[in-house]
Amino acid sequence: MQPIINSQISNLKESATLFINQLALKLRSEGQDICHLGFGESPFPVPEPMQAALRENAWRKQYISGLGLAELRQAVAVFCKNEFGYNYSFENIFIGPGSKELIFQLVYLLEGPLIVPAPSWVSYGPQAKIRSKTFITITTDIKNGYRLQAEELDKTCSGLESPQKILILNNPSNPTGSVHTPDELRALAEVCRKHGVIVISDEIYALTNFGEIPFEGIARYYPEGTITTSGVSKAFSAGGWRLGFAMIPDELSEIKRPLSAFVSETFSCVSAPIQYAVLPGFKNYESVRKHVELCSAIHGAAGKFLQQRFVEIGLNCPEPQGAFYLFPDFENFKDMLSSRGISSSQELSKRILEETGVALLPGADFYMPDDFLGVRVASVDYDGAQLMQNFPQSGKASPEMYTSLFPKLADACERLEKWLQ
Ligand SMILES: Cc1ncc(COP(=O)(O)O)c(C=O)c1O
């Protein structure tokens, strides 16, 4: 029998990041020497207090309220107030199986077009597509470090008739590692207020912030219209634990009833042992702070190293301020690449993987124009547990140490350099 499949789903590709990860791992298992700069998974161990709590709570087997464990929601509210100055009440916090799922449910239930800056994370577009939602990208400028500017948002919103619009702002950003300045957030907030935009502020990398600009979320400037999402995948390196949260402001509390019903009819609740296991991370952040800060310092050093090497090679690449990605472009090599038959980022990343063994993601997957010759680089191809031992405990590594700390990243740069000659 030929199954008939919902065309919104049958036309979806597998997530680009998961696809490149599988391909790179397959090539590696076949014996090829691959530098895997395609997949952004935090390489560090989960902080020990959280691992211990998981062991202690393995016996828990009950369903928990779909909103999440009250103690955890309370701990998250206090943590976010202390660390980021937010004022979300704990009753408005939803715990879900990863922030990805919560973003999906929010995008699904909120009417209006979905706006994202380009480049942006690969999953927002497909999530809008599943819901047949209008998806609008605003191509940002490398001159502004790919950070969305208030005027760009204003121009786009002015051309939209829908009374409600949704903006997903991912700060710090995957794929660019950029972090918005407080002034930029203030200006964006004003535009959002003017046009009645609901912001989903995806802050999954908020604690993975190593730049000179201290991290702030847009909820500081636009509390009434910002839903903030985050989780344990990046700072706590617990992606496979699948726990994220969404925080809804009182002014949008009408979302709570339908979201709660949506949760109850879909995933029901996040695994009980996992909810208890992440509790120490939020309730007693001091017990994991050093761990998180050391990981961030390592991400910072890896990012700095790659950015310096990319610029030496002749690529254009803003210096990352957070997350663990870079977004270099090969525009300076356009003519040479064109003579090799390469005129799109898909072709570029395919040929780089085939000819050098360096896995990267094409910029087009991040909604950049087809002829843009840029790629997304993840800077985490190293043994995180080992590096936590070897990295200077001060959190500061000198540039002379970079090659020995990050041999695979150094190797990838050398291969790219040779390939471009
Ligand atoms: C920008 C961005 N948002 C959200 C997520 C999803 O995180 P979670 O593991 O909480 O679902 C990721 C994961 O890669 C991401 O890069």
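Residues numbered from 1 in each chain as written. Predicted model: local features only at pLDDT ≥ 70, side-chain atom pairs only at ≥ 80, totals over all residues.

Two elements in contact, helix H4 (residues 70–84) and helix H10 (residues 272–283), have axes separated by 9 Å at closest approach and are oriented at 25°. Considering their axes alone, H4 and H10 lie roughly parallel with respect to each other. As H4 packs across H10, the resulting crossing turns out to be left-handed. Contacts between H4 and H10 pair Glu-71, Leu-72, Ala-75, Val-76 and Phe-79 from the former with Gln-275, Val-278, Leu-279, Phe-282 and Lys-283 from the latter. (Axes fitted to C-alpha atoms, helices over the stretch in contact; angles between N-to-C directions. Helix = DSSP H or I, 4+ residues; strand = E, 2+ residues; numbered from the N terminus. Parallel < 35°, antiparallel > 145°, perpendicular 65-115°, else oblique. Left-handed = near helix turned anticlockwise from the far one by under 90°. Contact = placed C-beta atoms within 7 Å.)

Now for the nonpolar core. Membership of the largest hydrophobic core comes to 120 residues, with the highest contact counts inside it found for Phe-94, Val-199, Met-247, Val-358 and Ala-359. Of the residues forming this core, the biggest block, nine residues, is contributed by helix H11 (residues 286–313). If near-sequence neighbours (up to four positions away) are discounted, Ala-359 is found in contact with Ile-20, Ala-24, Ile-34, Cys-35, His-36, Leu-37, Gly-38 and Leu-353. (Core = buried A, V, L, I, M, F, W, Y, C linked by C-beta atoms within 7 Å. Buried ≥ 20, exposed ≤ 12 C-beta atoms within 10 Å, placed from the backbone.)

So, on to the sheet that holds strand S9 (residues 325–326). A sheet is described by the order of its strands in space; here three strands give the open sequence S9-S12-S11, paired in antiparallel fashion. Lying at the two open borders of the sheet, with one neighbouring strand each, are S9 and strand S11 (361–362). Pairing between S9 and strand S12 (residues 375–378): two bridges, direction antiparallel. By the bridge assignment for S12, Leu-326 is matched with Val-377. (Pairing = 2+ DSSP bridges.)

Residues in contact with the ligand amount to 13 residues; listed here are only the nearest, Gly-98, Ser-99, Lys-100, Gly-231 and Ser-233. When grouped by side-chain class, the residues that make up the shell around the ligand number two nonpolar, nine polar and two charged. (Near = placed C-beta within 6 Å. Nonpolar A, V, L, I, M, F, W, Y, C, P; charged D, E, K, R; others polar.)

As a further point, take the domain arrangement of the protein chain. Taken domain by domain, the protein chain holds domain 1 (7–45 + 288–419) and domain 2 (50–285). One C-alpha centre belongs to domain 1, the other to domain 2; they are set 25 Å apart. With 37 residues of domain 1 at the interface, the matching set in domain 2 holds 39 residues. Those elements that place two or more of their residues in the side of domain 1 that touches domain 2 are helix H1 (7–10), helix H2 (16–29), H11 and S9. (Domains from an automatic or database assignment.)

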